[in-house]
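Here is what each chain is made of, one letter per residue.
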Amino acid sequence: MRPCADKNGMVRAARALLSSVTRVLLLADTVVVKQLLAAKDKVAMTLNRLENVANFTEFVKAFGLFGSEMVELAHLTGDRQNDLKDERRRAQMSAARQVLERSTMLLLTSSKACLRHPDCQSARDNRDTVFCQMRRAMDLIHYVVKDGIFQTSSNVVDSDLVHNGHLGSVQQQQQHHRFPEDWDNNCTVHGSIKKFENIVEMTRMTLVGPSYRGKLVGALDTIVERTQDFTDSAYTSHEHRENILLLCDRTKLELNQLLRIGISMDQKESTSPNEELESSIVRTLRASKDVKQQLQDTALDQSSDLFKAEDMDLIGAIKNAALASDTARVEECAERFQEQVEHIQEVCKLLRHVASTDSLQVSAKHAETNIRIYGPQVLSAEIGRASCRERV
């Protein structure tokens, strides 16, 4: 009885020790989270102060405080990023930190321009865009740190506010929030194909039973729906568009054949897979793999086309035209620049669709968002500069 009692006592002691260690780890993590969120809130408060400064003296003081607080936040978020185990959360934290880092200089220049030209709407729009992007990044930090809990206190830029390069007032921006499903939305072709292939693989055990037939059809319909981003793109070549449509039709035919085999086996009350079923599964998987390869080729070809564009230095041309007060030339270059921005957005969207990892998907999505928001602001800033020089 004595050895048994000793063993039971040791088990209870081990469980108590494990429970205590767990509580200590949870407490330490809670402290780190509170410290990080407190640093984020301090930066947010200083941002509000920067947004409402009335002169250069106030701005310099507030920006100095902002810089020291940003250093602390960067240190804490960097440590947290390294500790995160989830790949998507780690990539989201990295994207948020990059926005804050790159926006710091933009905040300095845009605020100085706004203070120097308080009556210039484009200068105010550019400054407001930077503020909104930084608040959006801090919302994302909060979202990652709290693992999916969204803070709706900040203002972010929505697509309809950047039409023609004009964001409108801060009050308008407050009405447009980017909700958390946009950050965790994983509606990609790669994910759809992977899900479809998993269901097809399962038919070896389910024998394409009635419950799985609907899942197969639904999964393929989702793939076809998401390939529309490729086929509807103005930058997709006719050859790629035709290949995508043909391969989708081929996958439908192979799936229909698989479903017919499943119905036949169901009628015969078969309880084990046969050679005909296995052959149909292999053909269906091969067809879906060909669709995936074609979509990857389409996305990569579009990305390579970006570097073949003749107007590679449009920003320089816009800047020179603005400095020369040549409004007509600025607007001509601006039109071509906007076309390139739209092309880059399309490429980012397609690359996100074919990305095989969460990290690449998050990177492509945030690149698309930043280009969509900042692209029009480049034009707004340069056209505003040309207008100011004309008035002078």
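What am I meant to see in unusual backbone geometry here?
With glycine set apart, most residues show a phi of negative sign, and most peptide bonds adopt trans. In this structure, Leu207 is a non-glycine residue whose phi angle is positive, near 55°. Within the secondary structure, Leu207 sits in the loop between helix H7 (189–206) and helix H8 (210–226). Taking relative accessible area as the criterion, Leu207 reaches 13% and is therefore assigned buried. Phi is positive for Val208, close to 55°, though the residue is something other than glycine. Looking at the secondary structure, you find Val208 in the loop between H7 and H8.

Whenever I open this one, the nonpolar core confuses me. Can you help?
Nonpolar side chains in soluble globular proteins generally cluster together in the buried interior. Core analysis: the largest hydrophobic core is formed by 33 residues, its most contacted members being Leu47, Leu50, Phe66, Leu100 and Leu107. Elements with a minimum of two residues in this core: helix H1 (2–51), helix H2 (56–83), helix H3 (87–116) and helix H4 (121–145). Broken down by element, the residue count for this core peaks at ten residues, all from H4. Other than its neighbours up to four places away in sequence, Phe66 contacts Val43, Thr46, Leu47, Leu50, Thr104, Leu107 and Met134. Of all hydrophobic cores here, the second largest spans 29 residues; its members include Ala219, Leu220, Ile244 and Leu350.

Honestly, empty space enclosed by the protein in this entry has me stumped. Any pointers?
The rolling of a water-molecule-sized probe over the atoms marks out the regions of remaining empty space. Counting across every chain of the model gives one cavity of 30 Å³ or more. Of the pockets and cavities examined, the largest cavity occupies roughly 40 Å³. Considering the residues around the largest cavity, the lining is formed by Ile193, Leu220, Ile223, Cys248, Thr251, Ser288 and Val291. Looking at the lining of the largest cavity, the elements that each hand over two or more residues are H8, helix H10 (238–267) and helix H11 (275–306). The residue inventory of the lining of the largest cavity, partitioned by class, reads five nonpolar, two polar and no charged.

Explanation requested: H4 in the structure shown.
Along an α-helix, a turn takes 3.6 residues, which lines up residues three or four apart on a common side. Taking 1.5 Å as the rise per residue, H4 with 25 residues should run 36 Å; its terminal C-alpha atoms sit 36 Å apart, in good agreement. Taking burial as the measure, the 25 residues of H4 include 23 buried ones, the bulk of the element. Immediately downstream of H4, the backbone of Asp147 shows phi near 55°, a positive value.

Just checking my understanding: could you explain the packing of H2 against H3 for this structure?
Helix packing geometry: the angle between the two helix axes and the distance between the axes. Two numbers describe how H2 lies on H3: the axes approach to 10 Å, and their chain directions differ by 170°. Viewed along their axes, H2 and H3 adopt a mutual orientation that is roughly antiparallel. On H3, the residues that touch Phe56, Phe59, Phe63, Phe66, Met70, Leu73, Ala74, Thr77, Gly78, Arg80 and Gln81 of H2 are Arg90, Met93, Ser94, Arg97, Leu100, Thr104, Leu107, Leu108, Ser111, Lys112, Leu115 and Arg116. Here the residues of the contact of H2 with H3 are counted per class, giving twelve nonpolar, six polar and five charged.

The rules behind the values
Residues numbered from 1 in each chain as written. Predicted model: local features only at pLDDT ≥ 70, side-chain atom pairs only at ≥ 80, totals over all residues. Heavy atoms only, no water. Helix = DSSP H or I, 4+ residues; strand = E, 2+ residues; numbered from the N terminus. Buried < 20%, exposed > 50% of the residue type's maximum accessible area, 1.4 Å probe, protein only. Core = buried A, V, L, I, M, F, W, Y, C linked by side-chain atoms within 4.5 Å. Contact = heavy atoms within 4.5 Å. 1 Å grid on protein atoms, 1.4 Å probe; cavity = no way out; pocket = protein on both sides within 12 Å on 5 of 7 lines; lining within 4 Å. Points joined across faces, edges and corners; volume = space filled by probe spheres on them. Nonpolar A, V, L, I, M, F, W, Y, C, P; charged D, E, K, R; others polar. Expected span 1.5 Å × (residues − 1). Axes fitted to C-alpha atoms, helices over the stretch in contact; angles between N-to-C directions. Parallel < 35°, antiparallel > 145°, perpendicular 65-115°, else oblique.

Purely geometric stuff here, so don't read any function into it on its own.
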